[in-house]
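A look at the structure
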Protein chains: 2
Amino acid sequence: MTDEIVGRTAAVMTAIRTKLAVRALSPGEKLPSIRRFATTMGVSPSTVVEAYDRLAAEGLIRARPGAGFFVSGAVSPLALTEAEPQRERAIDPLWVSRQSLDAGPEMLKPGCGWLPADWMPNAAIRRAVRGLAQAGDAVLTDYGVTRGALSLRRHLVRRMAGEGIELGADQLLLTASGTQAIDLIGRFLLRPGDTVIVDDPCYFNFQALLRVHAVRIIGVPYTPTGPDLAAFAAALAEHRPRLYVTNSALHNPTGATLSPQNAHRLLTLAAAHDLTIVEDDIFADLEPEPSPRLAALDGLNRVIRIGSFSKTLSASIRCGFIAARPDWIEALVDLQVATSFGGPSPVAAELIAGALADGSYRKHLEALRRRLSRARREATARLGSLGITPWIVPRGGFTLWCRLPDGQDAAALARAGLAEGLVLAPGNVFSVSQTAGSFMRFNVAQMTDPRVYDGLARAMEAAKILPASSP
Amino acid sequence: MTDEIVGRTAAVMTAIRTKLAVRALSPGEKLPSIRRFATTMGVSPSTVVEAYDRLAAEGLIRARPGAGFFVSGAVSPLALTEAEPQRERAIDPLWVSRQSLDAGPEMLKPGCGWLPADWMPNAAIRRAVRGLAQAGDAVLTDYGVTRGALSLRRHLVRRMAGEGIELGADQLLLTASGTQAIDLIGRFLLRPGDTVIVDDPCYFNFQALLRVHAVRIIGVPYTPTGPDLAAFAAALAEHRPRLYVTNSALHNPTGATLSPQNAHRLLTLAAAHDLTIVEDDIFADLEPEPSPRLAALDGLNRVIRIGSFSKTLSASIRCGFIAARPDWIEALVDLQVATSFGGPSPVAAELIAGALADGSYRKHLEALRRRLSRARREATARLGSLGITPWIVPRGGFTLWCRLPDGQDAAALARAGLAEGLVLAPGNVFSVSQTAGSFMRFNVAQMTDPRVYDGLARAMEAAKILPASSP
């Protein structure tokens, strides 16, 4: 359409909207006939048809075949606005997710688990989106194959080859997200009452997810070089767990890295106790240089690799993956068809594959790692001036796992933070044993605004006089 | 980039690809330095950098910071091809899904449950995709709000207002698909060992999904005007089911429509036995005129409405929704965060909202309904000449539930059909009681190619001499 026609269509739409707003047209009432309103407005009938169709698509009016257009019911859907996150809910493993996902634009989010939108490779994504507009009809509208788009699976096979993992076509399944990947694995391997080991502290949503599976969750203390292996061995002997779920590359929330010796010993223990391990590799692309990977050492025998593209490419284009033994993948395909019908969105997989194949992605990652180093230094210094000190300084990523000054309770501080416009991530949401009440996870990429520190200082004052709430 | 620069970059990439193909460069070997190769190729160093970056993005080569570019490992991921669907697997409720989702392009799919890609509103979707390229960074890369994009929720509120359902902002949740919507509800309401009623026949994936939930599935015979209410009442009294899952608008696979009297009596029975009902409204937009809806009669008290956009807009852009009581939605949000982190893809929801708001969608639906009427008439006539007769002729949609000629077993015919290049949907995959062995579901939109009928005739001949396999 030319701009002129667009303008005339918009004028007709505005005229009808005005009639609705001033109640010159009421719910259920018939709209002027197309011919009559075209004369009234001095436009062609086809312009009125276009305008009515668009208003109908918005739901303001409805077409009744053979009878014309009528004003829709009395509900005013324009009044539909976002519900505020409930501030008073318990600070449990879902608390940070709900607060940070649903936070309004006025909130600052040093507790959230992702990068600011303007740190992401938006130009490459826009190029991929423009490429998608040229894709065939089947990509745009059909269900995809059950294992997910071949273009993205090929990329993942190459990437894992670089780690020394030789993947067959039957060992890879795309999913709707990294979380859904773990969920599918849980549905396949776990039964209610089974025991699962996680790190203590660990990513809070591992706990939220495992609770849905009604399993017993055992935490093993995490050290700067991986899980405490004496405690791990004791947990294996005592609880006979079915599964261990952990982050590789950069541990969440600590930012720690598994050492090669610990990786090897962990796999030896796992083999002795027939333990399956889910290795969540979601932070891989934030690493400055590669660290040991359980899947690479094990060759995808008892280790299942999962990952996604949410942390360095896009969390809006939802897509994750599972690499595992062929017989397990075959079963997971059935499970994914039964519970989601088909695999992940072909459109999403094409967008991800397109952005990854864009020559700029490597440069984006290099720039991102430099930017994160700077942000980490700055945040460490500014938190230090508030008496907040990192447990370790991670070699990459955006998390900083910090000890609060004596007397500060992280949950109380998180509640006080909300009143100051800050979404924080208090330590015990990460801790199965609830022993991290004086820790807080910070996201250095979300702390470049000085108001974060001003708000934090005020919240620390306020939290001192609050009762220490149970986490 | 100009075309010329693109051409030079491509030339450098081809030169490297050729070296790899003829093994002039082997896995692990260092690539020529950027400066040297620029001189060799007679291009600028930046052109070589661009080409190397693109090859690295494809995974063929890898950058090692400070050391240059190296050939990736020995795996040849270009060899990764699609696995054929396993033809010998049991004909169970997952059989049709796996065969039709993974069928190669040479297969005809009169048994699949969706429209051909060129029957979908591709132009409107392309416009929405181009619109997405202009969206803000947050839409492209951020996690979305937990209930899903406001634009699409507003559309759904308006649409339901047109049915007389007044939805609050806290009664609607977007999901990753219609199937995932039912799965979430199942995880919320069902416990292993609970009983669930489905129609007999019903959409086969209801059974596959409910089996994942480890519930007992009871089928109630479906009549041309809804479930057999005497049998339904008896099932309520005998089994005390927790849930009833059904299609509204156009029943799958029969294409039948619930009558107003049966809708009312069904809700009365449900109230007397405290039964919750999931009403899957996925075929709503294929209806020629509206039919009774349980959610509208009940006002979302004990009825949960779910739906998606897969049948009339796009199955590739995965998105579904749940409308229900506010307290249930609040719990479902937590469940969705725990198991998928966040709601559906904001990018997907924006694309769906964009295509729905496109003025052309109503015309697309009208044209689609006319096209389906023609296809239904033609398929009915041609199937008739093979002795295959519809149970009823539906007033809309694409399914035709047909009785096979005497002596034909649907499962045997489906197996014989694969050899003829046809994916068929044999009756018993839809039937809990396994009493539909002489029925077949056809999709009239997938039967405009005359080869379907030729293949069907040959398969019917072949199936006669096969042993009737158990379904």
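Residues numbered from 1 in each chain as written. Chains lettered and ligands numbered in written order. Predicted model: local features only at pLDDT ≥ 70, side-chain atom pairs only at ≥ 80, totals over all residues. Heavy atoms only, no water.

To be explicit about the condition: UniProt positions are given in the numbering used here, feature names are shortened, and annotations may be inferred rather than shown by experiment.
Chain A goes by 8-amino-7-oxononanoate synthase in an unreviewed UniProt entry, where it is assigned to Methylorubrum extorquens DSM 13060. One UniProt comment on chain A, placed under Sequence similarities (unreviewed entry), says "In the C-terminal section; belongs to the class-I pyridoxal-phosphate-dependent aminotransferase family."

1. Quick notes on the overall build of chain A
This is how it is decided: For helices the rule is a DSSP run of H or I covering at least 4 residues; for strands it is a run of E covering at least 2, with both sets numbered from the N terminus onward. Type-normalised accessible area, obtained with a 1.4 Å probe on protein chains alone, sets the label of each residue: buried when under 20%, exposed when over 50%, and partly exposed for intermediate values. Here a residue-residue contact requires only that any non-hydrogen atoms of the pair lie within 4.5 Å. Counting rule for charge: Lys and Arg are taken as positive, Asp and Glu as negative, and neither His nor the chain ends is counted. For this purpose, a charge sits on NZ of Lys, CZ of Arg, CG of Asp or CD of Glu.
Assigned secondary structure in chain A consists of 17 helices and 14 strands. Dimensions of chain A, computed from the C-alpha atoms along their principal axes, are close to 85 × 60 × 45 Å. Taking all 471 residues of chain A together, 61% fall into the buried category. Partitioning the intrachain contacts of chain A with sequence separation of at least 6 by distance along the chain shows that 74% fall at a separation of at least 24. Side chains of chain A carry 51 positive and 45 negative charges; the gap between the two charge centres is 4 Å.

2. Focus: the relation of the copies chain A and chain B
Under the convention used in this document: Alignment of copies: least-squares fit on C-alpha atoms of residues with pLDDT of at least 70 in both copies.
The transform that puts chain A on chain B rotates by 180° and translates by 0.0 Å along the axis, for an RMSD of 0.1 Å. Such values leave the two copies arranged in the relation of a two-fold axis. The residues that chain A uses at the interface reappear at the interface of chain B in 98% of cases, marking a shared surface.

3. Quick word on the pattern of salt bridges
Applicable threshold: Any carboxyl oxygen of Asp or Glu within 4 Å of a side-chain nitrogen of Lys or Arg constitutes a salt bridge here.
On inspection of all chains with the given rule, the structure shows 46 salt bridges over all chains. When the shortest N-O distance is used, the salt bridge between A:Arg305 and A:Glu279 registers 3.0 Å. With A:Arg305 in strand β9 (residues 303-308) and A:Glu279 in strand β8 (residues 276-280), this pair connects stretches of sequence that are 26 residues apart. Taken as a pair, A:Arg305 and A:Glu279 share a single burial class, namely buried. When the shortest N-O distance is used, the salt bridge between B:Glu461 and B:Lys464 registers 3.5 Å. Taken together, the residues span about one helical turn, with B:Glu461 and B:Lys464 both in helix α17 (residues 451-464) at a distance of three residues. The exposed category is assigned to B:Lys464, whose relative accessible area is 54%. Residues participating in the shared-partner salt-bridge network are A:Glu163, A:Glu279, A:Asp281, A:Glu287, A:Glu289, A:Arg293, A:Arg305 and A:Arg395.

4. Observations regarding helix α17 (residues 451-464) of chain A
The condition that has to hold: The span expected for a helix works out to 1.5 Å for each residue beyond the first.
For α17(A), with 14 residues, the first-to-last C-alpha span of 20 Å sits near the 20 Å given by 1.5 Å per residue. Residues of α17(A) that are buried make contact with α15 (361-384), α16 (410-419) and β14 (439-443) of chain A.

5. Topic: the sheet that holds strand β4 (residues 195-200) of chain B
Residue and element names in this part refer to chain B. Filter applied, for reference: Pairing between strands is defined by DSSP: at least two bridges between the two strands are required.
On the basis of which strands lie adjacent, the open sheet formed by eight strands has the order β3-β10-β9-β8-β7-β4-β5-β6 and mixed pairing. The sheet is open, and its two borders are formed by β3 (172-175) and β6 (226-227), each paired with just one other strand. When β3 meets strand β10 (residues 320-323), the two strands line up antiparallel, connected through four bridges. Along β10, the bridge assignment pairs Leu173 with Ile322.

6. A look at the sheet that holds strand β6 (residues 226-227) of chain A
Residues and elements named next belong to chain A. Put simply, the test is: Only C-alpha atoms enter the line fits that serve as axes; for helices the fit covers just the stretch in contact. Angles between N-to-C directions range over 0 to 180 degrees.
A sheet is described by the order of its strands in space; here eight strands give the open sequence β3-β10-β9-β8-β7-β4-β5-β6, paired in mixed fashion. Each end of this open sheet is capped by a strand with a single partner; those strands are β3 (172-175) and β6. Across three bridges, strand β4 (residues 195-200) lies against strand β7 (residues 243-247) in parallel orientation. Following the sheet pairing, Val196 is matched in β7 by Leu243. Running over the sheet, helix α8 (residues 178-189) touches β3, β7, β8, β9 and β10 (320-323) and is turned about 150° from β9.

7. Observations regarding the nonpolar core
Nonpolar side chains in soluble globular proteins tend to end up buried together. Just so we agree on the cut-off: To qualify as a nonpolar core, a set must consist of buried Ala, Val, Leu, Ile, Met, Phe, Trp, Tyr and Cys residues joined through side-chain atoms within 4.5 Å.
One finds A:Ile322 and B:Ile322 to be the most contacted residues of the largest nonpolar core, which totals 287 residues. The contacts of B:Ile322, once residues within four sequence positions are left out, are B:Gln171, B:Leu172, B:Leu173, B:Thr175, B:Ala181, B:Leu184, B:Ile185, B:Ile304, B:Arg305, B:Ile306, B:Ile329 and B:Leu332. Ranked by size, the runner-up nonpolar core spans 19 residues in total, among them A:Met13, A:Ile16, A:Ala38 and A:Ala56.

8. What to know about the domain arrangement of chain A
This is how it is decided: Domain ranges listed in this record stem from an automatic or a database domain assignment.
Each assigned domain of chain A is listed here: domain 1 (3-77), domain 2 (95-120 + 362-464) and domain 3 (122-357). Relative to domain 3 of chain A, the C-alpha centre of domain 1 of chain A lies at a distance of 50 Å.

9. A short note on the interface of chain A and chain B
This is how it is decided: Two parts placed together each lose some accessible area; with a 1.4 Å probe, that loss summed over both constitutes the buried area.
On the side of chain B, 101 residues touch chain A, which itself brings 103 residues to the contact. Summed over both sides, the interface of chain A with chain B buries roughly 9000 Å², with 57% coming from carbon and sulfur. Joining chain A to chain B, the criterion identifies 12 salt bridges. Here A:Arg126 and B:Asp137 are joined by a salt bridge, their closest N and O atoms 2.6 Å apart.

10. Here we look at the side chain of A:Asp285
All names here are of chain A. What counts is decided by this rule: For this analysis, a polar contact is any N or O atom pair within 3.5 Å, provided that within protein one partner can donate a hydrogen and the other can accept it, and provided that sequence-adjacent residues contribute only side-chain to side-chain pairs.
Mapped onto the elements of the fold, Asp285 is located in the loop between β8 and α12 (294-298). Look at Asp285 and you get buried, because its relative accessible area is 17%. At 2.8 Å, the side chain of Asp285 forms a polar contact with the side chain of Tyr361. Discounting chain neighbours no more than four positions away, the residues touching Asp285 are Arg159, Thr312, Tyr361, Leu365 and Arg369.

11. Quick word on the packing of aromatic side chains
The cut-off we apply is this: Stacked, tilted and edge-to-face are the three classes applied to pairs of Phe, Tyr and Trp rings, where Trp contributes its six-membered ring and a pair requires centres within 6.5 Å; stacked means planes under 30 degrees apart, edge-to-face means over 60, and tilted covers the rest.
This model, assessed by the stated rule, comprises 30 aromatic pairs over all chains. Ring geometry for A:Phe309 versus A:Phe321: centroids 6.0 Å apart, planes at 45°, classification tilted. Taken together, the residues A:Phe309 in the loop between β9 and β10 and A:Phe321 in strand β10 connect sequence positions 12 residues apart. Here B:Trp401 and B:Phe430 contribute two aromatic rings whose centre-to-centre distance is 5.4 Å and whose plane-to-plane angle is 75°, an arrangement assigned as edge-to-face. A residue pair is termed long-range when its members are at least 10 positions apart, and B:Trp401 in strand β12 (residues 399-403) and B:Phe430 in the loop between β13 (425-426) and β14 (439-443) qualify at 29 residues. For B:Trp401, a relative accessible area of 3% corresponds to the buried category.

12. Quick word on the pairing of β14(B)
Residues and elements named next belong to chain B. Counting buried residues in β14 gives five out of five residues, a clear majority hidden from the surface. Where burial is concerned, the two faces of β14 agree: the one with Phe439, Arg441 and Asn443 and the one with Met440 and Phe442 are both buried. Here β12 runs beside β14; their pairing, made up of five bridges, is antiparallel. Across the sheet, Trp401 pairs through a bridge with Arg441, a residue of β14. Note that β13 and β14 share two bridges and pair antiparallel.

13. A look at the environment of B:Ile217
Residues and elements named next belong to chain B. Here Ile217 lies in strand β5 (residues 216-223). Taking the C-alpha atoms as reference points, Ile217 and Val196, 21 residues apart in sequence, are found 5.1 Å from one another. For Ile217, the contacting residues outside a window of four places in its chain are Val196, Val198, Gln207, Leu210, Arg211 and Val432.

14. A short note on the pairing of strand β12 (residues 399-403) of chain A
Residues and elements named next belong to chain A. Most of β12 is tucked away: four of the five residues are buried. Relative to β12, strand β11 (residues 389-390) runs antiparallel, the two being bridged by two bridges. Following the sheet pairing, Pro390 is matched in β12 by Cys402.

15. Structural notes on the packing of helix α2 (residues 34-41) of chain B against helix α3 (residues 45-58) of chain B
Residues and elements named next belong to chain B. This is how the line gets drawn: Should an angle lie under 35 degrees it is considered roughly parallel, over 145 roughly antiparallel, and from 65 to 115 roughly perpendicular; all remaining angles are considered oblique. Here the term charged refers only to Asp, Glu, Lys and Arg, the term nonpolar to Ala, Val, Leu, Ile, Met, Phe, Trp, Tyr, Cys and Pro, and the term polar to all other amino acids, Gly among them.
One way to put it is that α2 packs onto α3 with a least axis distance of 8 Å and a crossing angle of 110°. Considered as vectors, α2 and α3 are oriented roughly perpendicular to each other. Across from Ile34, Phe37 and Ala38 in α2, the residues of α3 making contact are Pro45, Val48, Val49 and Tyr52. Its residues assigned to classes, the contact of α2 with α3 comprises seven nonpolar, no polar and no charged.

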